Amino acid sequence: METAISKEEAKAYDRGIYATFLGAFLVLFQIGIYFVYIPWNAERLQITEAEIGIGLFAFGLLNLIGNQTSGRLIVPRIGTKNSIVIGLLGIAYCPLLLILAPSYQWFLIAFMPFGFFVGLFSPSSQSQISMIESKTSRVLTPLYHAAFSFGSLVGAFSAFFTIRYVDSPILIFSITGTALIVGALLINKFGLDKSFENLEKTPKFKLPKNSILVFGILMMLNYATMGIILDWSALWLTKDLLVPLYLGGAIIFAFNIGEISARLIASKMIKKLSEKFVGGYLSIAAGFVLFVSILTSNFYLIVIGMLLFGFGTANFIAIIFRLAIRVTDEPINLTVANLITLGFSGFIFGPALVGYLAEYLSLTFNMYLLSVVSVSYTHLRAHETLRYLVCRLLLE
């Protein structure tokens, strides 16, 4: 049932929506550019796939620490807007540090604050969107995730030009870092004021309930697949398929086009087809299509397959958040932090495992594995009453 809100609250929530969308776009814009530069940076430092995997493991581990720091310590005290601003300021020049690293050891060290501040930003921003969603009964999470996808899309597309025409990665990441600083200042000025948030005292630490653990495991599988695409697709294309470096972001670009398309029409699809179909069956079909496209070893068919994969899996995470917020009896910021902590563990083990396996098998093998994991995605059968949501996992 929709909660009655005043005009002042409605305007404040609208500002909060736009501010979080801006933050999501900027973070993934910068990350989208950096991941296209991974092959260049790996060649510069003369590091292997396994060593890149260790860096991603460090990123993921500090990300988990940032998630819990945000949900348990920062947000309850200073609010989501201020936590978002701190996260953006911390992220701003981390990619610049990665491309300036003079050695592999400094490369690993630079990944640590990057992971921590992304971990600080992500649950703070999602908590604000989930809170506004619950206050206004609007479907916002898919659109918020579309802002992430659009940022990654623009980043990958920008990298296509910067790699070809701008012979200075330092200049590129100095500009993107400054853009995040400006974005943080804008969000600080125009974002949702703390007075509009119902911040609750964080309860003592305890393990999440079984329903939240189930949702978190599902998110972990999904984040693992997304992490593999973002972290390894450019290197896979250029190394295994011998695609030119400037086309290394093609898969990220196609994946994000698919995601954005699905997320923009998510509300209509959910109302017409159900959350189970949009979050479950489409993911399974998308994994099958991707697997077949990789079998062809044809660059153009793989790009099309990845576009359809992005469309089919785009709303899985948004539906998980929506279901979890409905059933939780804990503060929204803590529930979101727990979910993202569990989910981002997929970012730790997925990409890191790929780096290890690539040393002995190939990146192509891991791309096959990616599609198989998504086909064995679970989908949700949900029966909702006023107090209970019964979920079960169906391995296809």
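What you see is a predicted model; the values in this text were computed from it and never measured. (Residues numbered from 1 in each chain as written. Predicted model: local features only at pLDDT ≥ 70, side-chain atom pairs only at ≥ 80, totals over all residues. Heavy atoms only, no water.)

Our focus in this paragraph is the overall build of the protein chain. Helix and strand content of the protein chain: 15 helices and two strands. Looking at the protein chain residue by residue over its 396 residues, the buried ones come to 58%. Counted over contacts in the protein chain with a minimum sequence separation of 6, partners at least 24 positions apart contribute 83%. (Helix = DSSP H or I, 4+ residues; strand = E, 2+ residues; numbered from the N terminus. Buried < 20%, exposed > 50% of the residue type's maximum accessible area, 1.4 Å probe, protein only. Contact = heavy atoms within 4.5 Å.)

On the secondary structure map, S233 appears in helix α8 (residues 210–239). Look at S233 and you get buried, because its relative accessible area is 1%. As a C-alpha pair, S233 and I38 span 195 residues in sequence and 9.9 Å in three-dimensional space.

Our next topic: helix α3 (residues 49–91). Across its 43 residues, α3 extends only 24 Å between first and last C-alpha, which sits more than 12% below the 63 Å expected from 1.5 Å per residue. The sharpest bend along α3 reaches about 120° and sits at G79. (Expected span 1.5 Å × (residues − 1). Bend = angle between axes of the 7 residues up to and from the residue.)

Quick look at the packing of aromatic side chains now. One pass over the full model with this rule turns up 18 aromatic pairs. With 5.3 Å between their ring centres and 85° between their planes, F116 and F117 make a pair best called edge-to-face. Above the plane of the ring of F190 lies K189, whose end atom (NZ or CZ) is 5.6 Å from the centre. (Phe/Tyr/Trp six-rings, centres within 6.5 Å; stacked < 30°, edge-to-face > 60°. Lys NZ or Arg CZ within 6 Å of the ring centre and 35° of its normal.)

Our focus in this paragraph is the packing of helix α5 (residues 104–136) against helix α6 (residues 141–165). Packed helix pairs are characterised by how far apart their axes lie and by the angle those axes make with each other. As a packed pair, α5 and α6 sit with axes 10 Å apart at the nearest point and diverge in direction by 150°. With respect to their mutual orientation, α5 and α6 come out roughly antiparallel. For the element pair α5 and α6, the recorded crossing hand is right-handed. Together, F121, S122, S125, Q126, I129 and E133 of α5 and T141, P142, Y144, H145 and F148 of α6 make up the contact between the two elements. Within the contact of α5 with α6, the residues separate by chemical class into five nonpolar, five polar and one charged. (Axes fitted to C-alpha atoms, helices over the stretch in contact; angles between N-to-C directions. Parallel < 35°, antiparallel > 145°, perpendicular 65-115°, else oblique. Left-handed = near helix turned anticlockwise from the far one by under 90°. Nonpolar A, V, L, I, M, F, W, Y, C, P; charged D, E, K, R; others polar.)

A few words now on the nonpolar core. Ranked by internal contacts, the top residues of the largest apolar core, which has 58 residues, are Y34, L88, F107 and F114. Breaking this core down by element, the ones donating at least two residues are α1 (7–36), α2 (38–45), α3, α4 (94–100), α5, α6 and α7 (169–190). The biggest single contributor to this core is α1, with 15 residues. Setting aside its immediate chain neighbours within four residues, F114 contacts I31, F59, I91, C94, P95 and L98. Counting 23 residues, the second-largest nonpolar core is a separate cluster that includes F316, I317, A324 and I325. (Core = buried A, V, L, I, M, F, W, Y, C linked by side-chain atoms within 4.5 Å.)

Another aspect to go through is the pattern of salt bridges. Scanning the entire structure with this criterion turns up one salt bridge. Close ionic contact of R263 with E259 constitutes a salt bridge, the shortest N to O distance being 3.4 Å. Within this pair, R263 and its partner E259 are both found in helix α9 (residues 250–264), separated by four residues, close to a single helical turn. Looking at R263, the relative accessible area reads 5%, which means it is buried. By relative accessible area, E259 is classed as buried at 4%. (Salt bridge = Lys/Arg side-chain N within 4 Å of Asp/Glu carboxyl O.)

Attention shifts here to a nonpolar patch on the surface. Together, F288, V289, V292, L301, I304, L307 and L308 make up an exposed nonpolar region whose accessible area comes to about 580 Å². Of all the secondary-structure elements, those providing two or more residues to the nonpolar patch are α11 (275–296) and α12 (299–313). Considering every element that reaches the nonpolar patch, the biggest residue donor is α12, with four residues. For I304, the location among the structural elements is in helix α12. (Patch = residues over 30% accessible without salt bridge, like charges linked within 9 Å, V, L, I, M, F, W, Y side chains within 5 Å. Areas by Shrake-Rupley, 256 points an atom, 1.4 Å probe, with all protein chains shown as cover.)

Residue-level pLDDT values for the protein chain average 77, and 78% of them are 70 or greater. Confidence, expressed as mean pLDDT per element, reaches its minimum in the protein chain at strand β2 (residues 389–395) with 37 and its maximum at α7 with 94. Predicted confidence is poor over residues 376–396, with pLDDT under 50, and the contacts of this stretch with residues over four places away or in other chains come to 51 contacts. (pLDDT = per-residue confidence, 0-100.)

Quick look at unusual backbone geometry now. The backbone of Q46 sits at a positive phi, close to 55°, despite the residue not being glycine. For Q46, a relative accessible area of 63% gives the class exposed.

On to the packing of α3 against α7, then. Between α3 and α7, the shortest axis-to-axis distance is 8 Å and the interhelical angle comes to 170°. Judged by the angle between their axes, α3 and α7 are roughly antiparallel. In this structure, α3 uses K81, N82, I84, V85, L88, L89 and I91 to contact α7, whose residues at the interface are L180, I181, G183, A184, I187 and N188. Grouping the constituent residues of the contact of α3 with α7 by class yields nine nonpolar, three polar and one charged.

Here the focus is the environment of I129. Structurally, I129 is set in helix α5. Counting along the chain gives 15 residues from I129 to Y144, while the straight-line C-alpha distance between them is 7.5 Å. The contact partners of I129, leaving out residues within four places of it in the chain, are I17, T20, F21, L140, T141 and Y144.

It is worth spelling out α5 at this point. Here α5 is 33 residues long and its end C-alpha atoms lie 48 Å apart, about the 48 Å a rise of 1.5 Å per residue gives. Within α5, 24 of the 33 residues are buried, which leaves it mostly tucked inside the rest of the structure. S137 sits one or two residues past α5 and shows a positive phi near 60°.

Moving on, we come to the side chain of S83. Secondary-structure assignment places S83 in helix α3. Of the residues examined, S83 reaches a relative accessible area of 0% and is grouped as buried. Not counting the four nearest positions on each side in its chain, S83 is found in contact with S70, I74, V75, I78, L120 and S124.

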